[in-house]
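In case you want the letters, here they are:
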Amino acid sequence: MEVTAVATQGRHGSTDWVSAYMLLYSDTGRVWKQYMLEDNVGRLVGNVNPDSVVHHKLSQSIRTRFLRFVPLEWSPSGRVGLRVAVYGCAYRSYVADFDGRSSLLYRFNQKSMSTVKDVISLRFKSRQAEGVLLHGEGQRGDYITLELHRGRLALHLNLDDSRVRSSSFRMVVTLGSLLDDLHWHSVLIERFNKQVNFTLDRHTQHFRTKGDGDSLEVDYELSFGGIPLPGKPGTFIRRNFHGCMENLYYNGVNVIDLAKRRKPQIYSVGNVTFSCSEPQLVAATFQSSSSSFLLLPAPAPILEDLSVRLQFRTWNPDGLLLSSPLISGQEPCYLILQISSGRLHLTHQTSALKMSEVSAGQRVNDGLWHSVSLNTRGLQIIMILDSEPASTIQLKNYLQPKDKHYFGGCPVSQNDSSCLNPTMAFQGCVRLIRVNNQPVDLLSVQQGRLGSYNQLQFDLCGIRDRCLYNFCEHGSQCSQTWSSFSCDCTGTGYSGATCHNSVYEASCEHYRLAGSTSGYFFIDPDGSGPLDPIQVYCNITGNKVWTVVRHNSSIAVRVRGSTLQKPYVGWFNYSASSEQLKALVSLSDRCEQRIAYHCRRSRLFNPWDGTPLSWWVDRRGEKRTYWGGFQPGVQQCSCGLEENCADMNYFCNCDADRVSWENDSGILSYKDHLPVREIVIGDTYRLGSEAMYVVGPLQCSDDKFLWNAVSFYQAASYLQFPALQVELSLDVSFYFKTASPSGVFLENMGIQDFIRVELSSPSAVTFSFNAGDGPVVLTVKSPVPLNDRQWHWVRAERNVKEACLQVDQLPLRIIETPPDGHLRLQLGSQLFVGGTATRQRGFFGCIREFNMNGVNFDLEERAKVTPGVSSGCAGHCSSSARLCHNRGKCIEKSSGYMCDCTNSAYGGPSCTEEVSMSFERGASVTYIFQEPFSVIQNRSAAVLSIPSQYSKTRDNMALSFQTTQSPAMLLTVNTLSQQYVAIILARNGSLQIWYQLNKEKRPDVFSPIFSSLADGRLHRVHIQREGKDVFVQVDHENKKYTLSYDVAFNSMKSLTLGKVTGSDLLDEEVAHAGSKGFIGCFSSVQYNHVAPLKAALLNRGSSLVSIRGHLLESNCGALADLSTSVSRLDHGEEVGKDNEHREDNSQPDSAVIGGVVTAAVFSTLCVLAVMTRFLYQHRQAQRTARLQEKEHQRSLEAAYRAEFHLHNSMRDSMQEYYI
């Protein structure tokens, strides 16, 4: 029967009903499968009273003979009461059974069959993970093969491709997983020319075939169930299909019906029958990794030798399969069969210290069925896994088995020592258990007539492939256990539970605000969107930032001999794709590209009709005929706009067609056309005709969304945007500023599902949503009011693994999603920002930089046509004026503003003045972390000015230093769990970075710079870690490294600058550098939220900071300038002395040379006097500024100290997981 719907009702006239149930179906009544709703949810909602009827229309009909309703929840005031109705229709079936050595051949009427359209449909259920379902091939290279491989369905298809033997041109499309589950699966293949639709059950893959032709040419026949070897009937090339096929149609032909009626088109090889045999392969599912077990008595009479066989499948890398108590030489012992780290281990254990062990297999937790057998023969224990060679344990005494065996685990309340489990319980499926060559009847176990069990489910294997439809984003790798999956984000540039969040900033402007200097960086203009990050050069000069994207042709190119019919074409390949460049250009307020075109008797336009003779091609591939300095739409050059062309009869210098070199150079600034993809030159064929061009890199500036802000001043106002696709992953971030105690920031409502982010109270932000499992609420509470008219940052995320909410630098709130809950958010088509659809609880205040799933929302543009909302936001801190730098936070005041430099390593009114200290021999600064606040900051590392994305294993370190000492210890951070990171100068002065994340393993050591940095110059080091990825910038050089482990720092202990004492846990080379300490100057040191030099200056005497030795407040930049000046003066004196020496020995005109030397010495003395005067004035100005800064620091000191005192109050709120 084909079942399309079910309905349930409670027991009439009672208080009995079922409120939730599970629906199973089966062909045989022995092997069952659970019906799944969308999102793989297996729980169906039932009744809430005894009389109402609840219908469930099945989204995908099921064809079955048996249905089973399993109650999960029922009436709290009654019992289980259930009336059911099943809706469906009759189903006609044509079945063929293949025994693994048989096949059906469908032979054509002609020698070959050539088709441009094919439709193949069938249903199958398989007993094995390997086997060919259909195959056909032609002499010219065409072929089609549908086969099972490792439980997945693979379609091989090729259309007359002569390169078929090359593996790079073979087309293989794979669908499904775990298809050897003895349940029916539907397959549909539709092909028209090269376009193919390949469908398995409810999932379809669309693709185009490779090859030159559109038709599939198959010679003689199609085979079903195997690939027979020509001329050798019954011999097959690949493993045959073992199982049943149903309703097999090839282009409208019912193949099984023809075979059943013995039509001549069908030839049967081997034993093909027309009824589906049902094997007695009843499985049991061990559901719990902590409490599942199966206790079976040994069959009587107990034989002297022990024999156990079984088949298992699992995803878990660890688990107990068998624990058998034995007697060896009158002493008790155990025989333990377990999975450990994906390998199968057999252990004979007589005591805690005496054991023998063998292992087999490489990855037995791959989800496939594996067979294992154990046998004791004399003084040997033999283990055989699948078809591998036997593994043997040699014994000293004969074994005598006891009367019971434990499968899967041990009872939790075990009072005796008859079961031993050195690992976790097995979580997976087991079938075909045989003990002492006698099969175990699991039905008798289920009915309580044999053995005992706990947390077992009979008659079905509940394994699921959670990585089948990969929820890991951006090319990350999915791995799974029985109940969950995880994503490996290594090398992707993304982080988070599903690798959704970019670890890079969106633009160079963000790097500037984070305190970075010019250099190569990765940026991700679309954030969590589908585009990969791109590497650019950030040219950071003062308040101006240029993003530079280079291409492959930066040198001047000469062109000769080109005509309009055969023009010269120059291509430019950028370090980014067209989509990435489009995202960068869209994000930027201004983009430009310089094009220099030099010509000699080479025209740009035909003087008679204006036909372009040369042009360039934009990023969309469109032809552009305007040149540098001019705007689109007019065929002119910059000289035509400025009216200064070489010949005023033309609008371009080159069109004058002169013998001398002319040029039409300028800036292309219409950003929708940038960058230049090609340049085409067609007029260099005449005598003396020549052209030369240089196309510069693409340069963009100003992140136009960074300060895209709006003000809401009416309670009923909101901005309305089309909703994005956020079914599986949603992230939204923005800044807000308000004086109102509450208000909704955003809302999107569906029929049942919704998302909402709101200021729920003056000091709390709430993120609530419903994905089908009921409302979920996350709240972040601040110790200070959030309606303080200052900017605050909010980021909310929801994916299939977890949901989280972060506000400023407050502790992150996380809630894990139910492992078998709904996955998709079904939302409406409209997103409301600043209010709700009901116009209730509107937001009063400002919102800026609103971003959802990597898409920047242009709030200002939408505000122009929305009443109650205006573009921009009043206040000094509400524009792109960049008043505060280096992570400083702009604070609005009643008359002006101030910069809070608490989270910056810099000081001063604008957070631009470096905080530096000179270290003498033996000096050190140690900052003591206060758990759990420091760990929270370490793991989130969000910054109030420009917060970065959340990562559980993130570190951000930056420091400047100046020294001539090596070896030297720059910085070390250690934990209570013996982890550390150290930055040192080795004996040769080279920089080394040590990461010790696993105390049992060797540390990772990186050497980004091999030259000596102990050269007395100021050097800047910036290190950022995201999971396994470590990004290092030394001065202007950038490098990337990969750690061996993705481990977070646990229980942060301290951070030390300079000499390290008590370094027993450090490696020898690091300890040696720590003992030498540091002599020189440190400047602008930052570790995540901690600025240890500022803490040492502002918190002398505090328990948080420990200072040893002699330290002086200093200025590394001034010292660097002074040392440079002195070195130049010394160099001048040496030159003068050298000249004097030459005067005495070789120069006859001593008077002239003496005068020159005197003038040089006099000039040198004058320069020295000027420099001395300058440095004196600079020192006086610096003292004055420092006095002013101290007044400023006093106003911030209370806030800075308050941050330290917040540690204890936040000790219990590091991360909260709600389950």
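Predicted model, so just to flag it, every value in this text is computed and none were measured.

This next bit is on the pattern of salt bridges. What the rule picks out here adds up to 33 salt bridges. Between Arg-107 and Glu-221 there is a salt bridge, with its nearest N and O atoms 3.2 Å apart. Within this pair, whereas Arg-107 is found in strand S9 (residues 103-115), its partner Glu-221 is found in strand S18 (residues 216-224), the two being separated by 114 residues in sequence. Using a relative accessible area of 39% as the deciding quantity, one classes Arg-107 as partly exposed. A residue is classified by how much of its surface remains accessible, and Glu-221, at 23% relative accessible area, is partly exposed. Each of the salt bridges in this network shares a partner with another, and the network as a whole consists of Arg-558, Arg-560, Arg-600 and Glu-690.

It is worth spelling out the state of the cysteines at this point. Scanning the entire structure with this criterion turns up 13 disulfides. The disulfide bridge from Cys-410 ends at Cys-419, spanning 1.8 Å between sulfur atoms. Disulfide Cys-410 to Cys-419: torsion about the S-S bond roughly -75°, handedness left-handed. With respect to burial, Cys-410 and Cys-419 carry one shared label: buried. Paired by a disulfide, Cys-472 and Cys-487 hold their sulfur atoms 2.0 Å apart. Across the disulfide from Cys-472 to Cys-487, rotation about the S-S bond amounts to roughly -85°, and the bridge is consequently left-handed. Of this pair, Cys-472 sits in the loop between strand S40 (456-458) and strand S41 (477-480) while Cys-487 sits in strand S42 (residues 485-488), placing them 15 residues apart in sequence.

Attention shifts here to the sheet that holds strand S7 (residues 83-89). Across the sheet, three strands lie side by side as S5-S1-S7; this open sheet has antiparallel pairing. Edge strands, defined here as strands with exactly one partner in the open sheet, are strand S5 (54-63) and S7. On average, adjacent strands in this sheet sit at an angle of 20° to one another, irrespective of strand direction. Of the strand pairs in this sheet, strand S1 (residues 2-9) and S7 are connected by seven bridges, and their pairing is antiparallel. Paired with Val-3 across the strands is Gly-88, a residue of S7.

Okay, the sheet that holds strand S87 (residues 1080-1087) next. If you walk across this open sheet you meet the seven strands as S85-S84-S83-S78-S87-S76-S89, and the pairing is antiparallel. Each of the sheet's edge strands pairs with one partner strand only, and the pair in question is strand S85 (1037-1042) and strand S89 (1111-1114). In this sheet, neighbouring strand axes are inclined to one another by 25° on average, regardless of whether the strands run parallel or antiparallel. Pairing of strand S76 (residues 916-919) with S87, which is carried by four bridges, proceeds in the antiparallel orientation. Across the sheet, Phe-919 pairs through a bridge with Gly-1080, a residue of S87.

Tracing the backbone through its elements, the reader meets Thr-517 in the loop between helix H3 (508-513) and strand S45 (519-523). By relative accessible area, which is 38% here, Thr-517 ends up partly exposed. Each C-alpha atom of the pair Thr-517 and Cys-538 lies 8.0 Å from the other, and the pair is 21 residues apart in sequence. In this view, Thr-517 contacts Ile-540 and Gln-1033; residues no more than four positions away in its chain are not counted.

Our focus in this paragraph is helix H4 (residues 578-587). All of the buried residues along H4 are Gln-580, Leu-581, Ala-583, Leu-584, Val-585 and Leu-587. Packed against the buried residues of H4 are S45, strand S46 (534-541), strand S47 (544-549), strand S50 (588-600), strand S57 (698-703) and strand S70 (855-856).

The subject of this paragraph is the confidence of the model for the protein. As a note on interpretation, predicted positions should not be read in detail where pLDDT is low. Predicted confidence across the protein gives a mean pLDDT of 82, with 86% of residues reaching 70 or more. Counting contacts from residues 1121-1158, a segment whose pLDDT is below 50, to residues more than four positions away or on other chains yields 14 contacts.

Bringing the pairing of strand S69 (residues 845-852) into the picture now. Burial within S69 is extensive, with eight of its eight residues counted as buried. Here strand S58 (residues 709-712) runs beside S69; their pairing, made up of four bridges, is antiparallel. When the bridges of S69 are listed, Phe-712 appears paired with Gly-845. The pairing of S69 with S70 spans two bridges and is classified as antiparallel. Residue pairing across strands places Asn-851 opposite Asn-856, the latter belonging to S70. Linking S69 to S70, which pair antiparallel, is a turn of two residues; within it Asn-853 sits at a positive phi near 50°.

So, about the pairing of strand S17 (residues 203-208). Two elements, strand S16 (residues 195-200) and S17, share six bridges in a ladder whose sense is antiparallel. Bridge pairing in S17 links Asn-197 to His-206. Connecting the antiparallel pair S16 and S17 is a turn made up of two residues, with Asp-201 showing a positive phi of about 55°.

Looking at soluble globular proteins, one finds that nonpolar side chains tend to be buried together. In this structure, Phe-919, Phe-961, Leu-971, Tyr-995, Ile-1023, Leu-1057 and Phe-1082 are the most contacted members of the largest nonpolar core, which totals 47 residues. No other element matches strand S79 (residues 968-975), which puts four residues into this core. Setting aside residues up to four positions removed in sequence, Phe-961 forms contacts with Leu-970, Leu-985, Leu-1013, Arg-1017, Leu-1018, His-1019, Val-1021, Phe-1078, Cys-1081 and Phe-1082. Of all hydrophobic cores here, the second largest spans 43 residues; its members include Val-536, Cys-538, Leu-668 and Val-695.

A few words on the packing of aromatic side chains. Overall, the coordinates contain 33 aromatic pairs when judged by the stated rule. Summarising the aromatic geometry, the rings of Phe-124 and Phe-241 are spaced 6.3 Å apart at their centres and angled 85° between planes, so their arrangement reads as edge-to-face. In this pair, Phe-124 is assigned in strand S10 (residues 117-126) and Phe-241 in the loop between strand S20 (232-236) and strand S21 (242-250), connecting sequence segments 117 residues apart. For the residue pair Phe-124 and Phe-241, the accessibility class agrees, reading buried in each case. Between the aromatic rings of Tyr-504 and Phe-1031, the centroid separation amounts to 5.2 Å while the plane-to-plane angle is 70°, which identifies the pairing as edge-to-face. Here Tyr-504 is found in the loop between strand S44 (501-502) and H3, whereas its partner Phe-1031 is found in strand S84 (residues 1029-1034), with 527 residues between them in sequence. Judged by relative accessible area, Tyr-504 falls into the buried class, the value being 11%. You can call Phe-1031 buried: its relative accessible area is 13%. Three or more aromatic residues joined by ring pairs form one cluster here, namely Phe-712, Phe-721, Phe-734, Phe-736, Phe-745, Phe-843, Phe-850 and Phe-857.

Procedures and definitions
Residues numbered from 1 in each chain as written. Predicted model: local features only at pLDDT ≥ 70, side-chain atom pairs only at ≥ 80, totals over all residues. Heavy atoms only, no water. Salt bridge = Lys/Arg side-chain N within 4 Å of Asp/Glu carboxyl O. Helix = DSSP H or I, 4+ residues; strand = E, 2+ residues; numbered from the N terminus. Buried < 20%, exposed > 50% of the residue type's maximum accessible area, 1.4 Å probe, protein only. Disulfide = S-S within 2.5 Å. Pairing = 2+ DSSP bridges. Axes fitted to C-alpha atoms, helices over the stretch in contact; angles between N-to-C directions. Contact = heavy atoms within 4.5 Å. pLDDT = per-residue confidence, 0-100. Core = buried A, V, L, I, M, F, W, Y, C linked by side-chain atoms within 4.5 Å. Phe/Tyr/Trp six-rings, centres within 6.5 Å; stacked < 30°, edge-to-face > 60°.

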